[in-house]
Every structure is written in structure tokens, then in C-alpha cells.
Amino acid sequence: MATYGRNNFELNSSIAIRDVYRLFLVFSGDEQLFELAPKPDDPLRLMRDAHFADEITHLLVGTAVANRIHLEHMSRLRADPAEHQHQPIILKCGTLHPDILNSDQEIPLTFDQACNKIIHAIHIVPDCSNPAENPLSSEVKLRGHLGKAAWSAYLNIPQYVRASILNFRDHT
């Protein structure tokens with residue numbers, strides 16, 4: 001097996017994929033949890049409400065860091081057209097508003113941008129209005145600053161998970 005690490009280390013892809021899997025389970029199971037525990041005072045709902053936002057944030061940040069490191073490690077191979085096994089990740093993962101105060105421009109959020117925006121976000125908010133009353137939709141809103149520009153992005157969780165799996169496909 002080829003070594004893809006740089007600077008004396010190689011990322012453990014099985015741990016990264018496990019966290020991507022956990023992110024997908026939290027996302028995909030949220031609606032089911034509301035069906036199993038429709039009352040706000042149900043112990044299952046209380047447990048979910050106590051841990052949901054923190055778990056989503058933790059898994060997003062952890063997977064974004066792993067994805068970004070792996071993207072960097074694989075960049076040379078993926079830029080080489082002769083390396084058919086190692087293709088760039090081209091899935092779009094949502095939408096980006098690069099300067100919400102001065103423009104209503106909306107552009108597709110690429111996978112590498114998604115990782116960077118997750119890591120640098122000041123706010124990570126599940127897009128479900130009141131999370132105690134509604135299950136997670138397919139999106140999470142990210143907000144932050146780049147220099148003087150305030151940006152916002154809507155991250156599509158299923159697309160981000162797909163892109164993450166493709167990012168590590170060379171190791172799975």
C-alpha cells in the first residue's frame with residue numbers, strides 16, 4: 001500500500017470514516033427520533049435536546065479537519081492526470097454567500113471550501129428553526145468572517161458525507 005502522509009504522519013482514514021458515519025447517523029436518525037419520542041418531555045427527546053447541537057458541531061469540525069488534512073496529503077496525486085485512481089473531489093456541498101453585508105451573491109460551496117468554512121465558522125446552526133421542536137433538515141448554517149467580509153454558508157449534510165467518503169475512498 002502506498003503511503004499518502006506528508007511530514008512524518010499518515011492520517012488514520014478508518015477513524016475519519018467512522019466519524020463521517022456517525023455524522024450521517026445523527027443526521028439521518030433525527031427525524032426517526034422525533035417519531036419515536038413525539039412529546040418534548042420524553043426522556044429520548046430530552047437526551048437528544050441536551051446533546052444534539054454539540055454532537056453535530058463536534059462531528060462536523062472533526063470530520064472537516066480530517067478531510068482537509070487528507071485533501072492536502074492527496075493534492076499532488078489528485079492534480080496528476082496520470083493518476084486515474086486518485087481523482088479530485090468535485091461534489092458541491094451547499095451554497096456560499098461570500099459577503100452577506102455587501103452582496104447577495106450566492107455561489108456553490110465546493111467540498112474543500114466546506115471543510116474550510118466548517119473549521120473557521122463562528123456559528124454552526126442546524127437549519128431547523130427551533131431544534132427542540134423540529135428534526136434537522138438536510139442543511140446546517142455556517143457563519144463567519146474572512147477579513148472584513150461576513151460570510152454565510154448552507155452545508156448540505158448528505159452531500160458533505162458523500163464527498164467525505166469519496167475523499168477517503170483511496171484508503172477504504
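Check the entry above for the structure.
What counts and how
Residues numbered from 1 in each chain as written. Predicted model: local features only at pLDDT ≥ 70, side-chain atom pairs only at ≥ 80, totals over all residues. Heavy atoms only, no water. Axes fitted to C-alpha atoms, helices over the stretch in contact; angles between N-to-C directions. Helix = DSSP H or I, 4+ residues; strand = E, 2+ residues; numbered from the N terminus. Parallel < 35°, antiparallel > 145°, perpendicular 65-115°, else oblique. Left-handed = near helix turned anticlockwise from the far one by under 90°. Contact = heavy atoms within 4.5 Å. Nonpolar A, V, L, I, M, F, W, Y, C, P; charged D, E, K, R; others polar. 1 Å grid on protein atoms, 1.4 Å probe; cavity = no way out; pocket = protein on both sides within 12 Å on 5 of 7 lines; lining within 4 Å. Points joined across faces, edges and corners; volume = space filled by probe spheres on them.

Contact geometry for helix H1 (residues 13-36) and helix H2 (residues 43-79): axes closest at 9 Å, N-to-C directions at 150 degrees. When the axes of H1 and H2 are compared, the pair comes out roughly antiparallel. For the pair H1 and H2, the sense of crossing is left-handed. Residues Ala16, Asp19, Val20, Arg22, Leu23, Val26, Asp30, Leu33 and Phe34 of H1 form the contact with H2, whose participating residues are Leu44, Arg45, Arg48, Phe52, Glu55, Ile56, Leu59, Leu60, Thr63 and Ala66. A per-class count over the contact of H1 with H2 returns 12 nonpolar, one polar and six charged.

Computed from the structure, the largest pocket encloses a volume of approximately 220 Å³. If you trace the largest pocket, you find it lined by Val26, Gly29, Asp30, Leu33, Met47, Arg48, His51, Phe52 and Glu55. For the lining of the largest pocket, the secondary-structure elements that each account for two or more residues are H1 and H2. Residues belonging to the lining of the largest pocket are distributed by class as follows: four nonpolar, two polar and three charged.

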